[in-house]
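Here are the chains, one letter per residue:
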Amino acid sequence: MQNLRFSRFFAFSGRRWQSTNALKSEYLDILGERHATDDITNVTPAILSKIPLRLHSQPNHPLSTLRSLIESHFPDYAHLSSLSPLVTPFKNFDELSFPKDHPGRAVTDSYYINKGLMLRTHTSAHEVEVFAQGNTQWLLTADVYRRDEIDGSHYPVFHQMEGARIWSADASGMKEVEDDNERLSSHLTRSNIAIEDVPHLSPANPAQPMHDPRHSELIAKNLKLSLNSMLLHLFGGVAGATKENPLRVRWIETYFPFTSPSFEVEVFFGGKWLEILGCGVVRQATLDTANVPHKIGWAFGLGLERIAMVLYSIPDIRLFWSTDARFLSQFKQGEISKFKPYSKYPSCFKDVSFWTAQDISVHENDFCDLVRDVAGDLVEDVKKIDSFVHPKTNRTSLCYRINYRSMDRSLSNEEANVVQQEVVSRLKEQFRVEIR
Ligand code: DAH
């Protein structure tokens, strides 16, 4: 796999420690249903409170406009957006050919309600179900959940859009693909776009063994043409692309467990290359499981926040969750406008240093979830500034620096102190740490 890099879209931290962030109650009520908790439960109230919000369906919200813009580029596709975020780990991982030891399954990286139920980590979790319902071309928008660090571009809840198209894997299906490729090519050659391409298939990024490579080539070509055209629609106008200064798009070979060949796509915008999406030719196992074994096709998945942040110049990912009129009133459905920041309030830095208990480790994501749960969106950034193991006692010492800053108002030092004290007391209670 020399020429491949593992996609950063699904890059999880390697360490796996048992989370102790478990909620104490024996059950959780989510979307009107009661679920038992168990020893791996690690969802926090802060996370659960986001489930009903559905920003992608909130009129005038930048995420909702972005979703509509993409949907309008695929008018004949089914547009889905109301699937529950609660899925089985089987559906999130196994159905998509993720290996049993994939780090994404770890409790440090994903949110579990209990052993049998989790918050989806990506919209791909619904591929089998959507294909099984008979959809042959579709888009699906949804909230997804991943445990992660805290900074201006990471939030544990974000939004993805999945898209897919399949055809009959026979001569008539392939004729349709060829016709569509011709139509799309003639449109794109007349457009203001410059594409850095890679081969549709290569030894490191091959067709699947059961596929006729010529079919796989045609599908990969259709995928590239369809997405290049969508990206031009999305970025071309805002970027002011012209013949002399075209929109630059580059394709990169990558690896996903559920596609082959697989690609990542980047767009040159605001002076740098921006990762936009992952995609590829759908693994036949996925289509077999969906009971459409005689089909072949492609799928892609993109993160809406990442794209909206650059298109609207939104500097901090927390802003998407703001209910402040100074944020929300700036946006109109269907329009991409530049966000005008309404002043930046001062930061308040607080450090906490502690020795971890002998028998409980504190994963960075555990620490971040605890802070997020106490401080909500008052936390802007968390950095580990020190970590060492005492050579004699073998105990670990950690020091974290938390940056508290409200997006809507000035936060007093006293207020930050109260929040910090609560963080410290929860740390002591949940992880039995010894504050230094
Ligand atoms: N689900 C992937 C992620 O979240 C993105 C993705 C990659 C979706 C390839 C796809 C695909 O449908 O074909 O990282």
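What you see is a predicted model, and the numbers here were worked out from it, not measured in a lab.

For the rest of this paragraph, the subject is the packing of aromatic side chains. By the definition in use, this model includes 20 aromatic pairs. For the pair phenylalanine 256 and phenylalanine 258, a centre-to-centre distance of 5.7 Å together with 35° between the ring planes defines the contact as tilted. The exposure class assigned to phenylalanine 256 is buried, which follows from its relative accessible area of 6%. Ring geometry for tryptophan 355 against phenylalanine 388: centres 5.7 Å apart, planes inclined by 80°, an arrangement best described as edge-to-face. Note that tryptophan 355 is positioned in strand β15 (residues 348-355) and phenylalanine 388 in strand β16 (residues 379-389), a separation of 33 residues in sequence. Its relative accessible area of 13% is what places tryptophan 355 among the buried residues. Following the ring pairs from residue to residue traces out a cluster consisting of Tyr312, Phe327, Phe331, Phe339 and Tyr342. Sitting over the face of the ring of tryptophan 273, arginine 250 holds its NZ or CZ atom 4.2 Å from the ring centroid. A cation over a ring is seen here: arginine 372 above tyrosine 155, with NZ or CZ 4.5 Å from the ring centre.

On to the site of the ligand, then. As a structural note, the neighbourhood of the ligand is formed by 17 residues, with His122, Ser124, Arg146, Gln160 and Glu162 the closest of them. In the model, an oxygen atom of the ligand is placed 3.3 Å from a nitrogen or oxygen of the phenylalanine 300 main chain. Of all the secondary structure elements, the ones that give two or more residues to the shell around the ligand are β9 (157-168), β13 (272-282) and β14 (295-303). Across the shell around the ligand, the residue classes break down as 7 nonpolar, 7 polar and 3 charged.

Below, the discussion takes up the UniProt feature "domain: Aminoacyl-transfer RNA synthetases class-II family profile" (unreviewed entry) in the chain. Under the UniProt annotation, "domain: Aminoacyl-transfer RNA synthetases class-II family profile" (unreviewed entry) lies at residues 142-341. Counted over residues 142-341, helix gives 32% and strand 30%. Its end C-alpha atoms are 27 Å apart.

Here the focus is the packing of helix α2 (residues 62-73) against helix α6 (residues 213-239). Helix packing for two helices is described by the angle between their axes and how far apart those axes are. Axis separation between α2 and α6 bottoms out at 10 Å; the angle between their running directions is 135°. Taken as axis vectors, α2 and α6 run oblique relative to one another. Relative to α6, α2 is oriented so that their crossing is right-handed. In this structure, α2 uses Leu66, Leu69, Ile70, Ser72 and His73 to contact α6, whose residues at the interface are Ser226, Ser229, Met230, His233 and Leu234. Considering only residue class, the contact of α2 with α6 consists of 5 nonpolar, 5 polar and no charged.

What counts, and where the lines are drawn
- Residues numbered from 1 in each chain as written.
- Predicted model: local features only at pLDDT ≥ 70, side-chain atom pairs only at ≥ 80, totals over all residues.
- Heavy atoms only, no water.
- Phe/Tyr/Trp six-rings, centres within 6.5 Å; stacked < 30°, edge-to-face > 60°.
- Buried < 20%, exposed > 50% of the residue type's maximum accessible area, 1.4 Å probe, protein only.
- Helix = DSSP H or I, 4+ residues; strand = E, 2+ residues; numbered from the N terminus.
- Lys NZ or Arg CZ within 6 Å of the ring centre and 35° of its normal.
- Near = heavy atom within 4 Å.
- Polar contact = N/O pair within 3.5 Å; in protein donor to acceptor, adjacent residues only side chain to side chain.
- Nonpolar A, V, L, I, M, F, W, Y, C, P; charged D, E, K, R; others polar.
- UniProt positions renumbered as here; feature names shortened; annotations may be inferred.
- Axes fitted to C-alpha atoms, helices over the stretch in contact; angles between N-to-C directions.
- Parallel < 35°, antiparallel > 145°, perpendicular 65-115°, else oblique.
- Left-handed = near helix turned anticlockwise from the far one by under 90°.
- Contact = heavy atoms within 4.5 Å.

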